[in-house]
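Coordinate analysis (summary)
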Amino acid sequence: MAKMTKAEIQKRQAEILNKLDEMDEKTNAREAKMRALTSEEQKEEREKLMAEQRAQDMEYDALVRESAGLSARAKAMATGKELEQIREREDYGAKIREMIQDCYTNRRAANATTILANAITSGPDQNEKANLQAGGLIPVEIQPIIDTKVPGIELPDDLKMLTGVTGTQVIPYSINDVKFTVEGEVTKVAEQALNFANIQTSPKRVAASVPVSRRAVVQAAFDIIAFLTFKFTKGWAMFRALHVYAHGDYRDVIGPFATVTVKELTLDENIGKNLAKEVADMYDKGFEGDPEIIMDKTTEVDLKFTKLIPGTTDSNRTVVQDGQCVGYRYKISPYIDYAIASNGIANKDGQYRYIGIGHFGYLNEQVYADGIEFNVDGTSQENFDRNVIALGMSLDYSLVELSGKVNGGNGTPQAFKLIKLVQPASSNEIGG
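The notes below deal with the structure included here. (Residues numbered from 1 in each chain as written. Predicted model: local features only at pLDDT ≥ 70, side-chain atom pairs only at ≥ 80, totals over all residues. Heavy atoms only, no water.)

**Topic: the sheet that holds strand S6 (residues 247–248)**
Worth spelling out the cut-off: The criterion for strand pairing is that DSSP finds at least two bridges linking the strands in question. Helix and strand assignments come from DSSP, with helices taken as H or I runs of at least 4 residues and strands as E runs of at least 2, each series counted from the N terminus.
On the basis of which strands lie adjacent, the open sheet formed by three strands has the order S6-S12-S13 and mixed pairing. With partners counted over all chains shown, the strands left at the sheet margins are S6 and strand S13 (346–348), one partner each. Pairing between strand S12 (residues 338–340) and S13: three bridges, direction antiparallel. Opposite Tyr338, over in S13, you have Lys348 as the bridge partner.

Here is the structure:
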């Protein structure tokens, strides 16, 4: 094997984790397809799918072995603090692997699942010692998940998540301001009442279940912590981006663009000025500072080729230039075009594209410390037949928009705007 630097090893490890994740998704899709094939006429298709799965299994094993070898090479290259961190990580990985294996091999007579985050001291499925609390570790920490950047799912710079929140948080706000008037020298000045109200957060349970091949668990040299963290990180980042950016009728976790009145703007030569005016409108309402603009990649391309000032011939300035849109920061996310239906299913708008504008400091995002659970199911018949161990994570989460109540607002967000882009009448115009 050719020599590799530490950076090259890390890059290749990330590629392997991505590939393993893709394989798991293909396996799930393939199994769902096979379950639907029941008649004798479909036997040939079933055999084809099984052959594809066997070939994928061989590639899966090869990638796991390669990852283990890369981990060994990285360890050999490490010195001092790096080596200490690797050994600590290996120790944690061994503990987690032991706990998961214990679920799989020793608990078949009991319930098929066990919650590993905390000790279970009563009932038929007691687990006082073989749990993450007793071991002093959690395989997927909330803070690293939040900080990890998943390509294409980047969140606004001003959006801050509070972690470790306990109980329901009450956020007070002032309804009105003091107003000065001109009075006579000895006239009694009318007294004014300052009114206050509050917004209460309402946590919702958010959960995910991830199947992991048992081969990956039992492979002692394979970095199981990195794989589990990657799996949950990807899903968690997608969930956050979807609910922060999407609009629609979903009522459980409501993002800032879900309840605004959508405004239409024509994607023509005046789009830059019109976007700037929408920002100015929020400024006039008292929301100063720089907002952040959200758009999809296609819209970014359109605006990169649209002059900032229409009709100019001596300027190369465009609406999107040097990492800014009309002078403001922006992020790229396809989720700005998604709508979440009342049943929780998200779909991309196939007809229109959208631009979101927001002061994301007015979006309160929280994870509650007392709501995190980590579950392992390695003994149910379904998972045994698939030779996987299903790892589940559940936490309490809330997302509350705050600007809707400022200055006596009626609850509609004032620091956020959602723009629907419509095509100009002439197809020769921008985006035609």
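**Observations regarding the sheet that holds strand S10 (residues 324–325)**
Ordered by their spatial adjacency, seven strands build an open sheet running S7-S17-S14-S8-S11-S10-S9, and the pairing between neighbours is mixed. This sheet does not close on itself; its edge strands, each paired only once, are strand S7 (263–266) and strand S9 (320–321). Relative to strand S11 (residues 328–332), S10 runs antiparallel, the two being bridged by two bridges. Of the residues in S11, the one forming a bridge with Gln324 is Arg329.

**Overview of the pairing of strand S14 (residues 353–358)**
Defined as follows: Throughout, exposure labels follow a simple rule: accessible area from a 1.4 Å probe, protein chains only, divided by the maximum for the residue type, with under 20% read as buried, over 50% as exposed, and the rest as partly exposed.
With six of six residues buried, S14 lies mostly within the body of the structure. In S14, alternate side chains face the same way, and those of Arg353, Ile355 and Ile357 on one face and Tyr354, Gly356 and Gly358 on the other are all buried. The pairing of strand S8 (residues 292–295) with S14 spans three bridges and is classified as antiparallel. If you follow Ile294 over to S14, its bridge partner there is Gly356. Sheet analysis places S14 next to strand S17 (residues 416–422), joined by six bridges and oriented antiparallel. Each residue of the ladder has a partner; that of Gly356, found in S17, is Leu418.

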